[in-house]
Amino acid sequence: MASSALIQPRCTLHQIRSPGRPEPSRASFAAAAAANEPATSPCISARAWAGARASSSASVASAARTTTSAPRSRTASVAHMWRQVQGSNDWDGLLQPLHPVVRDEVARYGELVGACYKVLDVDPSSARYMCCNHAKERVLEEAGVAGAGYEVTRYIYATPDVAVAGGPSTSGRGRASWVGYVAVSTDEMTRRLGRRDVLVSLRGTVTQAEWAANLMSALEPARLDARPDVKVEAGFLNLYTSSPGGGGGMGSCRDQLLREVSRVIKSFSKDRPREDMSVTLAGHSMGSALAMLLGYDLSQLGLNRDVSGRRVPVTVFSFGGPRVGNAALGDRCDELGVKVLRVANVRDPVTMLPGAIFNEGTRGFLNSWAAGDRYTHVGVELALDFLSLRDLGSVHDLGAYVSSIKAEGGGKVSKSDNAATDSRGAAVLAKKAMQFVGSQRAAAFAWPEAVLGIGGVVQSLGLI
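Structural notes, computed from the coordinates. (Residues numbered from 1 in each chain as written. Predicted model: local features only at pLDDT ≥ 70, side-chain atom pairs only at ≥ 80, totals over all residues. Heavy atoms only, no water.)

What to know about the pattern of salt bridges
Throughout the structure, instances matching the rule amount to 24 salt bridges. Close ionic contact of Asp-297 with Arg-254 constitutes a salt bridge, the shortest N to O distance being 2.5 Å. In this pair, Asp-297 is assigned in helix H9 (residues 286-300) and Arg-254 in helix H8 (residues 253-271), connecting sequence segments 43 residues apart. For Asp-297, a relative accessible area of 0% gives the class buried. Note that Arg-342 and Glu-381 form a salt bridge whose closest N and O atoms lie 3.1 Å from each other. (Salt bridge = Lys/Arg side-chain N within 4 Å of Asp/Glu carboxyl O. Helix = DSSP H or I, 4+ residues; strand = E, 2+ residues; numbered from the N terminus. Buried < 20%, exposed > 50% of the residue type's maximum accessible area, 1.4 Å probe, protein only.)

Some words on the packing of aromatic side chains
Under the counting rule described, the total for this entry stands at four aromatic pairs. With centroids separated by 5.1 Å and ring planes inclined at 20 degrees, the aromatic side chains of Tyr-109 and Phe-317 adopt a geometry described as stacked. Here Phe-317 lies in strand S10 (residues 314-319) and Tyr-109 lies in helix H3 (residues 100-118), a separation of 208 residues in the sequence. For the pair Tyr-109 and Phe-317, a shared accessibility class is recorded, and that class is buried. With centroids separated by 5.3 Å and ring planes inclined at 80 degrees, the aromatic side chains of Tyr-155 and Trp-178 adopt a geometry described as edge-to-face. One end of the pair, Tyr-155, is in strand S4 (residues 150-158); the other, Trp-178, is in strand S5 (residues 177-185), with 23 residues separating them in the sequence. For the pair formed by Tyr-155 and Trp-178, the shared burial category is buried. Among the aromatic side chains, those forming a connected cluster through ring pairs are Trp-91, Tyr-109 and Phe-317. When the ring centre of Tyr-109 is taken as reference, the NZ or CZ atom of Arg-108 above it lies at 4.5 Å. (Phe/Tyr/Trp six-rings, centres within 6.5 Å; stacked < 30°, edge-to-face > 60°. Lys NZ or Arg CZ within 6 Å of the ring centre and 35° of its normal.)

Looking at the nonpolar core
Nonpolar side chains in soluble globular proteins tend to be buried together. Counting residues in each nonpolar core, the largest one holds 55 residues, and the members touching the most others are Tyr-150, Trp-178 and Tyr-181. It is H3 that contributes the most residues to this core, ten residues altogether. With residues up to four places along the chain from it excluded, the contact list for Tyr-181 reads Leu-112, Ala-115, Cys-116, Leu-140, Val-152, Arg-154, Tyr-155, Ile-156, Leu-199, Val-200 and Ser-201. (Core = buried A, V, L, I, M, F, W, Y, C linked by side-chain atoms within 4.5 Å. Contact = heavy atoms within 4.5 Å.)

Section: unusual backbone geometry
Cis rather than trans, the peptide bond between Gln-96 and Pro-97 has omega equal to 0 degrees. Of note, Pro-97 is situated in the loop between helix H2 (78-85) and H3. Here the amide bond leading from Leu-353 into Pro-354 is cis, since omega sits at -20 degrees, within 30 degrees of zero.

Encoded structure:
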């Protein structure tokens, strides 16, 4: 049974032992401060919301910094407790209250994912459209995280094998898009972390083709091993396993990731046999789904072992991630020792999809009827609660996620403000979603899931 911790206004956390999502009340709205810049990534949105928009500078307004539980943790360091930070004990005792070291590390990984949005070329007229604007040696510096302490070793591309309306400028079948990078901690950062960290950082949905793949919501066998009971969302599997058209040596997103992560593990463990090592897979939205598939795939193939055969722990940090597969996927990840911390805003509709009806919370005859075809969240949930009525898209914005984690809470939205904007907020979100869905050919999408998604936006905001 998955567990979760809820970060509510004024830094109050509650441990929830339930497979379902804690239902937010209107009175507990926590508002992220309105950003001066657009949000980093789409929620349920039109093309105007899609794209790697500049990372939001939104911070959680009026956040009261609480130090009630600080004494025990201020003296701790990442190096002394890195295994716990990576989930060796499923974050038991670290989320209630939220341990400062865990908070800082989760926020740090969120910023490293945010770098993907800052350096992505989203100009359709550019020769580098949907590619990174900078070389590997300078990309983190250009993204504003020069002191991150990582060296990028490879760029990663994904190719959704779907056709969308629009033409060549909107991306389509056979076109590869830059989705993130593989990096390894420097010697200095390794000393601070207490181990050599191999990082995979993956962005969320940007192109129309990626949106189309995301809406392929049917569960199908993962086909990544001999376990037919493990099922995952068809669209995420498509993105993970499809190769670019026209041949070439790039290979699928899966091929690139498995090759590079296993290469880095072998290389560093050979040169530094006594050094501890970790594999951290961090992603936002669609990127968190790809990170989940990689964690499962890497571990079940045994590619997370160093040259001596020692298992390297694999941890997924998911920010605003959707459900990826069925309960068998979660069970298999548990067997393999893959640790997953899902950071989820209770107002974020993306974290409620797919599986709006058949999911881990389904009970009664529906549960028996759905059997193994229910979507189920994997891992431990760290639930946030934030919303900016001046920027409704921020419920899924990575910048707002990171700000909320750093602030450990946020200011409340007044009751009058909430009441005055309820209907307007619902209308705006529904209109955005319908604009996107309506711009595509009906045959390209799972319409029932799209409709449920629109309803999920409105419902998640507490508007109905």
